[in-house]
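A look at the structure
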Amino acid sequence: MNREELANAMTITAKQTELGFFKSNGHREDEGESNVEPYVGLEFDSAEDAQEFYNIYATQSGFKIRIGQLYRSRTDGSVVSRRFVCSKEGFQTNARTGCPAFIRVQKNDSGKWIIANIKKEHNHELELPGQIRPARIQRKTFPAPRAAPMSSRTGIRSFEEDGPSGVIDLKRLKREEEEGETKLGFVGEPQKGLEFHSANEAYKFYNAYAASAGFKIRIGQLFRSKNDGSITSRRFVCSREGRQHPTRVGCSAFMRIQRQESGQWVVDRLHKEHNHELDSPTDASKRLSANPKVYKEEAMSELENLDLVETNGGFSLVKKGRGSNVGSDWYDVLLDYFQARQAEDTGFFFAVETDEGKFMNAFWADGQSRFSCSQFGDAIVFDTTYRRCSYTVPFASFFGVNHHRQLVLLGCALIADESEESFTWVFQTWLKAMSGRYPLSITADQDKAIQHSIAQVFPGTHHRFSTWQIIAKQHENLGALLSIDPEFKYEYETCISLSRTPNEFDSKWNMLVTKYNLKENGWLKEMYRMRKNWVPLYLKGAFFANIPLDGSMKTYFGTLLTAQTPLNEFIIRYEKGIEQRREEEKKEDFNSFNIPAVLHTKDPIEEQCRRLYTLGTFKVFQKELLECYGYVGMKVNVEGAISRFMVQKCGNGDEKNTVAFNASNLNISCSCKMFESEGVLCRHALKVFQIMNVKELPSRYILHRWTKNAKYGVLRDIDSGGGSQDFKALMLWSLRKEACDYIDAGAVSLERYKLAFEIMQEGRRNLCWQN
């Protein structure tokens, strides 16, 4: 179908009209009555032509359409397939019913677009033909192929309306100017509390004010709702805001509008002062209307400098190239801090990335964090809490869990942008600072950029998705269905949380998407493909050091350090947060060595673990030991030295686990995989040890990282702490920490210095003699 034929078909009037019947060869026959019907194999010159055709068909049939998913080539990232769906597809708003009607067009080798899939049935009543006015289809320039390989994309929203949506339509604003529909005359000074009917109206007002005051404006940040992804707030800034270009001077003038429950937009923040000279005041309407071509070129230039990228599982328009969300004023402050800390702490590490003079990413970790990573860097969290809200400081941190099960800091970063390049640089720098030791697992967001960076920098590390992000996207894509259908909610949660085997999960999942007509739900498709990164069943066996799956773990700095923390308070709060956490760790160190835990049984294994474990870890072990008395174990199979037991809870036949025990070497494993995930033996394995009369746990089942001596580098058994590669870093940082404390104690006075020096010389001679 060519554009001329399609243009002819677009002559639709309010009354019943004649539409073309399009044959597979693209020719048009006038049949008197409209007979535009999509079918598999229908060919178009472009995806836009297919969209216009489906819009004609939808108008004729009595429904509206939206742009659905797009799919990209894994080779070059170009768009190879698109879906156009009924406007009532999905459940994101009350008006949507999850309608399954759609067409999918696919690009063939010749460059043509062919309908590959189609579903015509709707699950709602259609309007009468002619009652729906055809939507104005604006030609879109689809994103150009990107260098990095891309996977299928979902969740693109169509910008259909003004008002509550908060979308700023630059083309529409200028079109209104050209057609004389509105005039941007000066209408007064902006002030807090000023109300507008739409974000477009607010933009026009601020643009008129800017013209009268002698400056130009740009569209700044937007902020979205955590619940439904709708725009809740927008910022309009002086065109000289930021420092990404030589003409920009970091001007702080802006106006922010907030959406109210009534749908109105209210100015809630305002800053009028500029840090540069203003131009001569002009009338906005004259400035814009005098040369429409100039405005159009400026608008198109802005659009050309935007790219469609995935952020937080959705999509945003962002500037092409690498910008930086880190203000240039941070560079001097942080650099002074880094240099001061490095003078005090020989183990302090920092790195800064710059790009064409712009301050991009920064990473730093003090000696204590690097020492902690040698002990507790096996399971880490990459915390990007700043991304959950409107942020001024893109601050991220790495943390883990120490032997007391407390949070321990493993490094900090400022993230320039949410690109794969930035995340890769941060991860590589963290790895370099931490002696190149790879973590066994990392909990981080599921964005494509982060996924790709983790796969590149941490090969073999198990990436678990952040729970907060899964919950947010779950509400966005399934929220309405979860809230109105208790049966669906129960079946969905049962499938996710209670499936015991991959076959059971697949069976429940397939039944769920079939029963509720969700087979074409793009988000569910993607989440199923990535099930090994978030479904509990598939996370068993990967070590996460008791970092909870439900997202209940707080961030290291809590509310002390937030994304809105101003620059002049950042370092002070950061240091205070570290001091508080490390003071808590010292208290637990003291308690573990000086306050014995209470024993509840006469089992020698309990006494053994009380002697070795910290108080926090011993409580976890003790709970499993006490619980095992409520279980029974039955031997079900014997193969040589290996016996298999079925262990189940008394009175509850549903809870069953299989335990394999090797009598020759006392190796034991349980199907629940608690030891592999948390590093503490489960109640099922302890029950089998009781049955087999084992009185002392093999050292390999008491991980060194959970013991009282973990931070002091006392290595009892090579099986308890990992391989020699792990020990290298642990020994290095353990000796370095001890040496720092030794130097501090020896430099107190001249007498202590002499004694310390003699002891050090004697120690060095002893080490040399051993060689």
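Residues numbered from 1 in each chain as written. Predicted model: local features only at pLDDT ≥ 70, side-chain atom pairs only at ≥ 80, totals over all residues. Heavy atoms only, no water.

Here is the rule we go by: UniProt positions are given in the numbering used here, feature names are shortened, and annotations may be inferred rather than shown by experiment.
The name that an unreviewed UniProt entry assigns to the chain is Protein FAR1-RELATED SEQUENCE, with the source organism given as Heracleum sosnowskyi. What UniProt records for the chain under Sequence similarities (unreviewed entry) is the sentence "Belongs to the FHY3/FAR1 family." According to UniProt, the comment filed for the chain under the heading Subcellular location (unreviewed entry) is "Nucleus".

**Focus on the overall build of the chain**
Inclusion rule: Secondary structure elements follow DSSP: runs of H or I of four or more residues count as helices, runs of E of two or more count as strands, with numbering from the N terminus. Summary of the burial criterion: residues with accessible area below 20% of their type's maximum are buried, those above 50% are exposed, and those between are partly exposed, where the area comes from a 1.4 Å probe applied to protein chains only. Residues are treated as being in contact if the distance between any of their heavy atoms lies within 4.5 Å. In short, Shrake-Rupley with a 1.4 Å probe defines the accessible areas, and a residue's cover is counted only from the protein chains shown.
Across its full length, the chain holds 23 helices and 25 strands. Sorting the 771 residues of the chain into buried and exposed places 47% on the buried side. Taking the intrachain contacts of the chain between residues at least 6 apart in sequence as the baseline, contacts between residues at least 24 apart amount to 57%. For the chain, the accessible area works out to roughly 38300 Å², and carbon and sulfur atoms hold 51% of it.

**What to know about the side chain of Glu353**
The cut-off we apply is this: Pairing of N or O atoms within 3.5 Å defines a polar contact, subject to two protein rules: one partner must be a possible hydrogen donor and the other a possible acceptor, and residues neighboring in sequence count only if both atoms are side-chain atoms.
Locating Glu353 in the fold gives a position in strand S15 (residues 349-355). A distance of 2.5 Å separates polar atoms of two side chains, one belonging to Glu353 and the other to Asn361.

**Details of the environment of Ala433**
Its place among the elements puts Ala433 in helix H9 (residues 420-433). Taking the C-alpha atoms as reference points, Ala433 and Gly347, separated by 86 residues in sequence, lie 9.7 Å from one another. In contact with Ala433, not counting residues within four places along its chain, are Phe349, Phe363 and Arg370.

**Observations regarding the sheet that holds strand S8 (residues 195-196)**
Selection rule: Strand pairing is assigned whenever DSSP detects at least two bridges linking the two strands.
Spatially, S8-S12-S11-S10-S9 is the arrangement adopted by the five strands of the open sheet, whose pairing is antiparallel. The open sheet terminates on both sides in strands that have one partner only, identified here as S8 and strand S9 (217-224). For strand S11 (residues 254-259) and strand S12 (residues 265-271), the ladder comprises six bridges, and the chain directions are antiparallel. Following the sheet pairing, Met255 is matched in S12 by Leu270.

**Re the UniProt feature "domain: SWIM-type" (unreviewed entry) in the chain**
Residues annotated in UniProt with the feature "domain: SWIM-type" (unreviewed entry) correspond here to residues 657-693. As a span, residues 657-693 carries 38% helix and 27% strand, and end to end its C-alpha atoms are 20 Å apart.

**What about the confidence of the model for the chain?**
Cut-off, in case you're wondering: Each residue carries a pLDDT score, the predictor's own confidence in it, on a scale running from 0 to 100.
Scored by pLDDT, the chain has a mean of 78; 75% of the residues are at 70 or more. Confidence over residues 2-34 falls short of pLDDT 50; this stretch has 55 contacts with residues more than four positions distant or in other chains. Low pLDDT, under 50, characterises residues 178-186; the stretch is placed with 22 contacts to residues that sit more than four places away or in other chains.

**Notes on the sheet that holds strand S4 (residues 65-72)**
Sheets are built from strands that pair by backbone hydrogen bonding, the pairs being arranged parallel or antiparallel. Condition: Helix axes use the C-alpha atoms of the stretch in contact, all axes being lines fitted to C-alpha atoms, and the angles between their N-to-C directions lie in the range 0 to 180 degrees.
In space, the five strands of this open sheet follow the order S3-S7-S6-S5-S4, with antiparallel pairing throughout. Strands at the two margins of the open sheet, each flanked by one partner only, are strand S3 (43-44) and S4. Across six bridges, S4 lies against strand S5 (residues 79-86) in antiparallel orientation. Paired with Leu70 across the bridge in S5 is Arg82. Packing against the sheet, helix H2 (residues 47-61) makes contact with S3, S4, S5, strand S6 (102-107) and strand S7 (113-119), and its axis sits at approximately 15° to S5.

**Thoughts on helix H4 (residues 199-213)**
The criterion, for reference: Under the convention used throughout, the expected extent of a helix is 1.5 Å for every residue step, that is, one less than its residue count.
The end-to-end C-alpha distance of H4, which contains 15 residues, comes to 21 Å, matching closely the 21 Å that a straight helix rising 1.5 Å per residue would cover. Judged by how many residues are buried, H4 sits mostly within the fold: 12 of 15 residues are covered. Among the residues making up H4, those that are buried are Ala199, Asn200, Ala202, Tyr203, Lys204, Phe205, Tyr206, Asn207, Ala208, Tyr209, Ala210 and Ala211.

**Here's the deal with the packing of aromatic side chains**
Note the following rule: Each Phe, Tyr or Trp ring (for Trp, its six-membered ring) is paired with any other whose centre lies within 6.5 Å, and the angle between the two planes then decides the class: stacked below 30 degrees, edge-to-face above 60, tilted in between. Geometrically, a charge over a ring is one whose NZ (Lys) or CZ (Arg) sits within 6 Å of the ring centre while staying within 35 degrees of the ring normal.
Counted under the stated rule, the structure contains 44 aromatic pairs. When the ring of Tyr57 is compared with that of Phe63, the centres are 6.0 Å apart and the planes differ by 80°; the resulting orientation is edge-to-face. Taking relative accessible area as the criterion, Tyr57 reaches 8% and is therefore assigned buried. Relative to Trp509, the ring of Phe505 lies with its centre 5.6 Å away and its plane at 35°, an arrangement referred to as tilted. Here the residue Phe505 and the residue Trp509 both occupy positions in helix H13 (residues 502-515), the gap between them amounting to four residues, near one helical turn. A relative accessible area of 5% places Trp509 in the buried class. Among the aromatic residues, those joined into a cluster by ring pairs are Tyr337, Phe338, Phe348, Phe350, Trp364, Phe395, Tyr556, Phe557, Phe570 and Tyr574. Over the face of the ring belonging to Phe102 we find Arg83, whose NZ or CZ atom lies 4.3 Å from the ring centre.

**Quick look at the nonpolar core**
The condition is simple: Residues grouped as a nonpolar core are buried Ala, Val, Leu, Ile, Met, Phe, Trp, Tyr and Cys residues, joined through side-chain atoms within 4.5 Å.
Judged by nonpolar contacts, the single largest core of 60 residues is most densely connected at Trp364, Phe557, Tyr574, Phe621, Ile668, Leu681 and Leu697. Here Phe557 is in contact with Phe395, Leu409, Cys412, Tyr574, Gly577 and Ile578, once residues within four sequence places are set aside. If you look at the next biggest cluster of nonpolar residues, it comprises 31 residues, including Cys373, Ala449, Ile454 and Phe458.

**Observations regarding the pairing of strand S16 (residues 358-365)**
A regular strand carries its side chains on alternate faces of the sheet. With eight of its eight residues buried, S16 lies for the most part within the structure. Summarising the sheet, S15 and S16 pair through six bridges and their orientation is antiparallel. In the strand pairing of S16, Ala351 is matched with Phe363. Linking two consecutive strands that pair antiparallel, namely S15 and S16, is a turn of two residues; a positive phi of about 55° is found at Glu356 within it. Of the strand pairs in this sheet, S16 and strand S19 (residues 407-414) are connected by three bridges, and their pairing is antiparallel. Following the sheet pairing, Trp364 is matched in S19 by Cys412.

**Thoughts on the packing of helix H11 (residues 467-484) against helix H12 (residues 486-498)**
Note the following rule: Should an angle lie under 35 degrees it is considered roughly parallel, over 145 roughly antiparallel, and from 65 to 115 roughly perpendicular; all remaining angles are considered oblique. Polar here means any residue outside two lists: the nonpolar Ala, Val, Leu, Ile, Met, Phe, Trp, Tyr, Cys and Pro, and the charged Asp, Glu, Lys and Arg; Gly therefore counts as polar.
The interhelical angle for the contact between H11 and H12, taken along N-to-C directions, is 125°, at an axis separation of 5 Å. Comparing their axes, H12 and H11 come out oblique. Counted together, Gln474, Leu478, Leu481, Leu482 and Ile484 of H11 and Pro486, Phe488, Lys489 and Tyr492 of H12 form the full contact between these two elements. When its residues are assigned to classes, the contact of H11 with H12 shows seven nonpolar, one polar and one charged.

**Some points on the pattern of salt bridges**
Heads up, the rule is: Salt bridges, as used here, are contacts in which a Lys or Arg side-chain nitrogen is within 4 Å of a carboxyl oxygen on Asp or Glu.
According to the stated counting rule, one finds 25 salt bridges in the structure shown. A salt bridge links Arg218 to Glu241; the shortest N-O distance between them is 2.8 Å. Taken as a pair, Arg218 in strand S9 and Glu241 in the loop between strand S10 (231-238) and S11 lie far apart in primary sequence, 23 residues in all. Given the relative accessible area of 13%, Arg218 is considered buried. On the basis of relative accessible area, Glu241 is assigned to the partly exposed category, the value being 26%. When salt bridges with common partners are traced through the structure, they connect Arg341, Glu344, Asp345, Asp366, Glu575 and Arg582 into a single cluster.

**Considering the packing of helix H18 (residues 615-627) against helix H20 (residues 683-691)**
Relative placement of two packed helices is described by the angle separating their axes and the distance separating the axes. Definition in use: We call a crossing left-handed when the near helix sits turned anticlockwise from the far one by less than a right angle, and right-handed when that turn is clockwise.
Two elements in contact, H18 and H20, have axes whose closest approach is 8 Å; the angle formed by their N-to-C orientations is 60°. Between H18 and H20, the angle falls in the class oblique. H20 is crossed by H18, and the crossing has right-handed handedness. From H18, Phe621, Glu624, Leu625 and Glu627 reach across to H20, where they touch Arg683, Leu686 and Gln690. Tallied by class, the residues present in the contact of H18 with H20 amount to three nonpolar, one polar and three charged.

**A word on the environment of Phe465**
Within the secondary structure layout, Phe465 lies in strand S21 (residues 462-465). With 20 residues separating them in the primary sequence, Phe465 and Asp445 have C-alpha atoms 5.3 Å apart. In contact with Phe465, other than residues within four places in its own chain, are Thr443, Ala444, Asp445, Gln446, Gln451, Ile470, Met530, Asn533 and Trp534.

**Brief notes about helix H8 (residues 367-376)**
With respect to burial, H8 is a largely interior element, 10 of its 10 residues being buried. Residues of H8 that are buried: Gly367, Gln368, Ser369, Arg370, Phe371, Ser372, Cys373, Ser374, Gln375 and Phe376.

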